[in-house]
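Descriptive analysis of the structure
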Amino acid sequence: MQLDQATQEQLRQWETELADEYQRIVNQKLNLDLTRGKPSPEQLSLSDALDGILKGDYKAADGTDTRNYGGLDGLPEAKQLGANLMGVDPEDVLVGGNSSLTLMFQVMLTAHQFGLTGADSAWKNEGNVKFLCPVPGYDRHHTVCEQLGIDMIAVPMTDAGPDMDKVEALVKDDPRIKGMWCVPKYSNPTGVVYSDETVERIAALGKIAGPNFRVFWDNAYAVHDLVDNPPELACVMKACAQHGTEDSVIQFASTSKITHAGAGVAFVNASPANLKGFKQFLGTCTIGPDKVNQIRHSRFLPNRDALMKHMQGHAELLKPRFAAVLDALNEAFAESDLGNWQEPQGGYFVSFDTRPGCAQDTVRLAAEAGVKLTPAGATFPYGQDPEDRNIRIAPSVPSVEEVKGAMKVFVVCVKLASVRKQLAS
Ligand code: PMP
């Protein structure tokens, strides 16, 4: 199907055929969901051995009784787990509770309100501050900025990460830009892995940015590969060390999509100065994290090999679901001008761009036919996709058969929305 070359008559005929096909789907009263990126029950079951793993032995290697209060920055063996996950030094890791999003919010709150390196460094001292958001991006990052009253500036994603020419120009020009959100590996939602050059240029931003600039490096999918020879992400902290910009990047990760999503362990990796500032804040919120869960995780995933082996189990479950999405898109749209997408090599999403002005209609049609998709626009700051194109597909939870069924509906909805838009233009 090529809409740009189609005559009005052809478009009208397609519209009639697609509307019939759509009505047949509506009559089936489906109830399918491709919305949030969370693990399926089968994936969660891969970690059920966590339950009971301690067999009454609550002592950490250094003798800490994990049942008690204390240990604000986490157990040494849990730091090692975070280090294995992010490829960094365990001394530079703080281990929190179950959610890296909580840590991201708390670090941003600290930077904004209290200052990560003393009260003089608080962003609020500079009035309205801004953050760069590569788009499409992760909606919950945007919500954090919105909650704290931080203005968001969208910068486009490329196949190699954020458009660094634009990022550098913006950062040089405006000292009130205080940082940038990044999901450097298998980015949510595009699946892009930042290139070595992008990582290098991001590490160097601290040299051209205004004061107290912090990149939030959300490495949520660091080990979530779907292919045998996965791409490697360069270590941003090593690059920062070379540029002398160690304070300008703060890395986050968690076991949310490794073990039990609601009962995992989250990590911050940052310079000693940033960790000191954050711990000062954290110590006012808590006497210490859940160290029992930390030690359960350390025993379950004692080294990098165990971690990577465990991740293969996830990949086996996820691969056929991603294949179902990509096969459906290739079959329906490879020879068309109806949309673009990328084939991710890991992560949780497939990002699909419709023709301009068709995403909202596609999502609405799918919802009315019983297939829930993430709201169009959700991947942009303030929920506004200026071109109304991007749709995030999250296939991890439904069964393979359900993904196939949902994609049949998706394809019809994209076609119908696109043909109607073309007819109206
Ligand atoms: N960051 C990204 C990029 C995510 O996609 C998600 C979950 N969808 C999170 C963070 C949430 O992580 P956590 O469960 O550790 O809060």
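Residues numbered from 1 in each chain as written. Predicted model: local features only at pLDDT ≥ 70, side-chain atom pairs only at ≥ 80, totals over all residues. Heavy atoms only, no water.

Some remarks on the site of the ligand
The environment of the ligand is formed by 14 residues, the closest being Ser100, Asp218, Tyr221, Ser254 and Ser256. Tyrosine 221 has a polar side-chain atom sitting 2.5 Å from an oxygen atom of the ligand. Lysine 257 is positioned such that a nitrogen or oxygen atom in its side chain is 3.3 Å from a nitrogen atom of the ligand. When isolated, the ligand has an accessible area of 400 Å², and the protein chains bury 89% of it. Under a 2 Å grid-point criterion requiring more than half of the atoms, the pocket assigned to the ligand is the largest pocket. Among the elements that make up the shell around the ligand, the one with the highest residue count is helix α4 (residues 100-114) (3 residues). Residues of the shell around the ligand, tallied by class, amount to 6 nonpolar, 6 polar and 2 charged. (Near = heavy atom within 4 Å. Polar contact = N/O pair within 3.5 Å; in protein donor to acceptor, adjacent residues only side chain to side chain. Areas by Shrake-Rupley, 256 points an atom, 1.4 Å probe, with all protein chains shown as cover. 1 Å grid on protein atoms, 1.4 Å probe; cavity = no way out; pocket = protein on both sides within 12 Å on 5 of 7 lines; lining within 4 Å. Sits in = over half its atoms within 2 Å of the grid points. Helix = DSSP H or I, 4+ residues; strand = E, 2+ residues; numbered from the N terminus. Nonpolar A, V, L, I, M, F, W, Y, C, P; charged D, E, K, R; others polar.)

Quick word on the pairing of strand β11 (residues 350-354)
Of all 5 residues that make up β11, 4 are buried, and the element is covered over most of its length. As paired elements, strand β10 (residues 339-341) and β11 share 3 bridges and run antiparallel to each other. Paired with glycine 339 across the two strands is threonine 354, which belongs to β11. With 4 bridges joining them, β11 and strand β13 (residues 390-393) adopt antiparallel strand pairing. Across the sheet, serine 351 pairs through a bridge with arginine 392, a residue of β13. (Buried < 20%, exposed > 50% of the residue type's maximum accessible area, 1.4 Å probe, protein only. Pairing = 2+ DSSP bridges.)

A few points about helix α12 (residues 359-368)
Taken together, the buried positions of α12 are occupied by Ala359, Thr362, Val363, Leu365 and Ala366. All buried residues of α12 lie within an arc of 165° about the axis, which places them on one face of the element. Of the surrounding elements, those touching the buried residues of α12 are α1 (8-27), β11, β12 (371-373), β13 and α13 (400-424). (Arc of directions from axis to C-beta. Contact = heavy atoms within 4.5 Å.)

Considerations on the sheet that holds β13
Strand order in the open sheet made by the 3 strands is β10-β11-β13, with antiparallel pairing throughout. The open sheet has two edge strands, β10 and β13, and neither has a second partner. Averaged over neighbouring strand pairs, the angle between their axes works out to 25° when direction is ignored. (Axes fitted to C-alpha atoms, helices over the stretch in contact; angles between N-to-C directions.)

Focus on the sheet that holds strand β7 (residues 214-218)
Pairing in this open sheet of 8 strands is mixed, and the strands run β2-β9-β8-β7-β6-β3-β4-β5 from one edge to the other. In the strand order of this sheet, the two ends are held by β2 (93-95) and β5 (161-162), each with one partner. Pairing analysis gives 4 bridges linking strand β8 (residues 249-254) to strand β9 (residues 266-269), with the strands arranged antiparallel. Among the inter-strand pairings, alanine 253 is bridged to a residue of β9, identified as phenylalanine 267. Helix α7 (residues 196-208) contacts β5, β6 (177-182) and β7 of the sheet and is inclined by roughly 145° relative to β7.

Here we look at unusual backbone geometry
Where the residue is not glycine, phi is negative for most of them; where a peptide bond is considered, it is trans in most cases. The peptide bond linking valine 135 to proline 136 adopts the cis configuration, its omega dihedral lying at -5°. Locating proline 136 in the fold gives a position in the loop between β3 (130-135) and α5 (139-147). Cis rather than trans, the peptide bond between asparagine 188 and proline 189 has omega equal to 10°. Along the chain, proline 189 falls in the loop between β6 and α7.

Considerations on the nonpolar core
If you look at the biggest cluster of nonpolar residues, it comprises 53 residues, and the most contacted ones within it are Leu329, Phe333, Phe352, Ile393, Met407 and Phe410. Two domains share this core, each providing at least three of its residues, namely domain 1 (8-43 + 308-424) and domain 2 (64-302). Once you skip the residues sitting within four places of it in the chain, phenylalanine 333 turns out to touch Leu338, Trp341, Phe352, Val411, Val414 and Lys415. (Core = buried A, V, L, I, M, F, W, Y, C linked by side-chain atoms within 4.5 Å. Domains from an automatic or database assignment.)

Section: the layout of surface pockets
In this model, the largest pocket occupies a volume close to 520 Å³. Within the residue set of the lining of the largest pocket, elements represented by two or more residues are α4 and α5. The element contributing the most residues to the lining of the largest pocket is α4, with 3 residues. Split into classes, the residues belonging to the lining of the largest pocket amount to 8 nonpolar, 9 polar and 6 charged. (Points joined across faces, edges and corners; volume = space filled by probe spheres on them.)

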